[in-house]
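Report on the structure
So you can see what is in the structure, the chains are spelled out below.
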Amino acid sequence: MTEPAPPPHTSRRHSYICNVCGSDHVTRDAWAAWDMAAQQWVLEVVFDQCWCHRCMSATRLDRVVLTSPITFAAPDPAPIPQRTASPG
Ligand SMILES: [Zn+2]
């Protein structure tokens, strides 16, 4: 049994942030398929793999509640971890 989806106009709005640095400049791997009727690429599948463009590395995402149209409640961002130069 699945939960009914809340109406979009009354539900809370969310964003997704990097769980390492708190940046919302994050993306997920996905496939886009060509929609002949719409004449544009349409998102078909979104995968679990996430990328943070601030850390420049794979990450995991935290879902946060938006407190205004463009801001969200998030923990203090952690400093970007120092990356060591190692082969491989
Ligand atoms: Zn990050």
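Per-chain numbering applies: the sequence of each chain, read as written, is numbered from 1 onward. Thresholds applied to this predicted model are a pLDDT of at least 70 for local features of residues and 80 or more for the giving and counting of side-chain atom pairs; totals over whole chains, interfaces and linings are not thresholded and use all residues. To obtain the side-chain values, all non-hydrogen atoms of the structure were used and water was disregarded.

If you trace the three strands from one edge of the open sheet to the other, you get E2-E3-E4, paired in antiparallel fashion. The open sheet has two edge strands, strand E2 (26-35) and strand E4 (57-59), and neither has a second partner. Within this sheet the neighbouring strands show an average axis-to-axis angle of 55°, counted without direction. In this analysis, strands are considered paired if DSSP registers two or more bridges between them. Comment: elements are numbered from the N terminus, with helices defined as DSSP H or I runs of at least four residues and strands as E runs of at least two. In this structure, strand E3 (residues 40-52) lies alongside E4, joined through three bridges in antiparallel fashion. Paired with Cys-50 across the two strands is Thr-59, which belongs to E4. In this description, a line fitted to the C-alpha atoms serves as the axis of each element, helices being fitted only across the stretch in contact, and the angle between N-to-C directions of two axes falls anywhere from 0 to 180 degrees.

A few words now on the pattern of salt bridges. A pairing counts as a salt bridge when a side-chain nitrogen of Lys or Arg comes within 4 Å of a carboxyl oxygen of Asp or Glu. For the structure shown, the criterion picks out one salt bridge. Residues Asp-48 and Arg-28 are paired through a salt bridge, measuring 3.6 Å at the closest nitrogen-oxygen approach. Linking Asp-48 in strand E3 with Arg-28 in strand E2, this pair joins segments that are 20 residues apart in sequence. With a 1.4 Å probe rolled over the protein chains alone, any residue whose accessible area is under 20% of its type maximum counts as buried; one over 50% counts as exposed, and the rest are partly exposed. We classify Arg-28 as partly exposed; its relative accessible area is 40%.

Moving on, we come to a nonpolar patch on the surface. A surface patch of nonpolar side chains, about 430 Å² in accessible area, is lined by Trp-34, Met-36 and Trp-41. As for its position among the elements, Trp-41 is in strand E3. Within this analysis, patches are made of residues with over 30% relative accessible area and no salt bridge. Like charges are joined at 9 Å or less; nonpolar side chains (Val, Leu, Ile, Met, Phe, Trp, Tyr) at 5 Å or less. Residue burial considers only the protein chains on display, and all accessible areas are found by Shrake-Rupley using a 1.4 Å probe.

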